[in-house]
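Report on the structure
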Amino acid sequence: MSSALFSPLEMRSLALNNRIAVSSMCQYTAENGSAVDWHLMHLGQFSMGAAGLVMTEATAVSAVGRITHKCLGLYSDENEAALKRVIDFCRKYGVTPMGIQLAHAGRKGSAQVPLDGGNPLKANENPWATQAPSAIPFGPDWHVPQMLSRKGLAAVKAEFVAAAERAARIGFDLVELHSAHGYLMHQFLSPLSNQRNDEYGGKLENRMRYPLEVFEAVRAAWPEDKPLGVRISATDWIDGGWTVEESVVFGRALKSLGCDFIDVSSGALDPRQKIPFGPGYQVPFSAQIRTQAGITTWTVGMITKARQAEEIIAGGKADIVALARGMMFDPRWAWHAAEELGVDTEYSRMYARCAPAQWPEVFPWRNQ
Ligand SMILES: Cc1cc2nc3c(=O)[nH]c(=O)nc-3n(C[C@H](O)[C@H](O)[C@H](O)COP(=O)(O)O)c2cc1C
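Keep in mind that this is a model prediction, so the values were computed, not measured.

Description of the site of the ligand
The immediate surroundings of the ligand are formed by 16 residues, with Ser 23, Ser 24, Cys 26, Met 302 and Arg 325 found nearest. A distance of 3.0 Å separates an oxygen atom of the ligand from a polar backbone atom of Ala 58. Met 302 has a polar backbone atom sitting 2.7 Å from an oxygen atom of the ligand. Protein coverage of the free-state accessible area of the ligand, which is 600 Å², stands at 81%. The cavity where the ligand resides is the largest pocket. Grouping the amino acids of the shell around the ligand by side-chain chemistry returns seven nonpolar, six polar and three charged.

Here's the deal with empty space enclosed by the protein
On inspection of all chains with the given rule, the structure shows one cavity of 30 Å³ or more. Around the largest cavity sit Ala 58, Thr 59, Ala 60, Gly 65, Arg 66, Ile 67, Cys 71, Leu 72, Ala 103, His 104, Ala 105 and Tyr 183, which together line it. Take the lining of the largest cavity: its biggest share by element is three residues, from strand E4 (residues 53–60). For the lining of the largest cavity, the class distribution of residues is eight nonpolar, three polar and one charged.

Structural notes on the packing of helix H3 (residues 150–170) against helix H5 (residues 204–221)
Close contact between H3 and H5 brings their axes to 9 Å; oriented N to C, the two are set at 35°. Once H3 is placed against H5, the crossing between them reads as right-handed. Contacts from Leu 153, Val 156, Lys 157, Phe 160, Val 161, Ala 164 and Glu 165 in H3 reach Tyr 210, Glu 213, Val 214, Ala 217, Val 218 and Ala 221 in H5. Its residues assigned to classes, the contact of H3 with H5 shows ten nonpolar, no polar and three charged.

Concerning the pattern of salt bridges
Taken as a whole and assessed by the stated rule, the structure comprises 18 salt bridges. Between Glu 80 and Arg 166 there is a salt bridge; the shortest N-O distance is 2.7 Å. Of this pair, Glu 80 sits in helix H2 (residues 77–93) while Arg 166 sits in helix H3, and the two are 86 residues apart along the sequence. Pair check on accessibility: Glu 80 and Arg 166 agree, each one buried.

Definitions and cut-offs
Each chain carries its own residue numbering, running from 1 in the direction its sequence is written. Reporting in this predicted model follows two pLDDT cut-offs: at least 70 for local features of residues, and 80 or more for side-chain atom pairs to be given and counted; totals over whole chains, interfaces and linings ignore these cut-offs and use all residues. In computing side-chain values, all of the structure's heavy atoms are included and hydrogens and water are not. What makes a residue near a molecule or strand is one non-hydrogen atom of that residue sitting within 4 Å of it. Distance and chemistry together define a polar contact, namely a pair of N or O atoms within 3.5 Å, with one atom able to donate a hydrogen and the other to accept it when in protein, and with adjacent residues in sequence counting only for side-chain atoms on both sides. Only the protein chains shown count as covering a residue, and every accessible area follows the Shrake-Rupley method with a 1.4 Å probe. Put simply, the grid is 1 Å and covers the protein atoms alone, a cavity is a trapped set of points that fit a 1.4 Å probe, a pocket is an open set with protein on both sides within 12 Å along at least five of seven lines, and lining residues have an atom within 4 Å of a point. Throughout, a molecule is located in a cavity or pocket provided that more than half of its atoms lie within 2 Å of its grid points. Note that Gly is not counted as nonpolar here; it falls among the polar residues with everything else outside the nonpolar set of Ala, Val, Leu, Ile, Met, Phe, Trp, Tyr, Cys and Pro and the charged set of Asp, Glu, Lys and Arg. Grid points are joined across faces, edges and corners, and a volume is the space filled by probe spheres set on the points. Only DSSP runs of H or I reaching four residues or more are called helices, and only runs of E reaching two or more are called strands; each is numbered from the N terminus. Angles run from 0 to 180 degrees between N-to-C directions of axes, and those axes are lines fitted to C-alpha atoms, restricted for helices to the stretch in contact. In this scheme the handedness of a crossing depends on how the near helix is turned from the far one: anticlockwise by less than a right angle means left-handed, clockwise means right-handed. Contact criterion: two residues are considered in contact whenever any of their non-hydrogen atoms come within 4.5 Å of each other. By convention in these notes, a salt bridge is any Lys or Arg side-chain nitrogen within 4 Å of a carboxyl oxygen on Asp or Glu. Here's how the labels work: a residue is buried when its accessible area is under 20% of the maximum for its type, exposed when over 50%, partly exposed in between, all with a 1.4 Å probe on protein chains only.

Put into structure tokens, the structure is as follows:
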């Protein structure tokens, strides 16, 4: 049997064993931006070889770039040492390449963690001043962000570069810049959140300018043999917002700057959005961007079944399938998918004996 989902993929010098990625998932459990023991368990469990790639949660490039007080960051020596400890642990016992998602929350920062409500921090919750392309809040009760000045834009770009340099020192295999879900880079792209009248606002070329400048600067700082990609929201799901057609243009521009992949998500820029959730609902965006921008794409969102994922890859709709909730529910999802699709896959040495091929009494068909 052969499987498209379990075929290898190369991006620069990184070789993935299969097309399955553990998607970024905020854990809201860091201390002053630093990873804690929970991250050993959270990322460690995924590093054992089930998926082809494991992504960290959104990792803020500055303290004000965090969504909440409990978000992971990579802006201090303490943050770097704490995350290195986790990634060293994953490397020592795991076998899966590790990627990091670098992020800046912009106007969606200074918020409570979702389990506490996810609302903007109140005056007695140590809120901070947020930054954005324009002084337009995320929603009616949200903090009004400060419009980033020219100096501010340069400073944030430098923070992305510094975080990428820290990620390289830690030994990450891949970087993804978070330009989706209504965070800072997405705020520049969308005409709903970017109403600047300088060269960073207005027509599409101007709205893309800052995210492209940041990409270019990070590409120059990140090791040339390692892949760098971008997560986008393909659409704002709201009239007058960012569109799939604009995503294609953005994809082409990124590709010309050496972008290795686009991780295609959607929404979360504006609370008025109307999303038709359903299995694989974002796959068509990935397929369109992959074909029309000619770039490697990931797809994500309500993909839970092995055959569903297999069909997406075999049908040329994406190059990688990323799972978030499905992976928390079943961290061995990829092992189980391989079994269902009838193919062999990698197991970490310590767990090799649970592979069905090693256990004919329970899985007799494996040795027939
Ligand atoms: C607990 C949780 C945390 C998340 N945190 C992030 C994040 O840090 N960065 C990001 O880009 N997406 C984040 N997402 C979105 C997921 O990466 C994914 O795109 C989304 O959940 C859809 O995939 P799924 O249907 O497989 O869960 C998060 C999702 C969940 C459930």
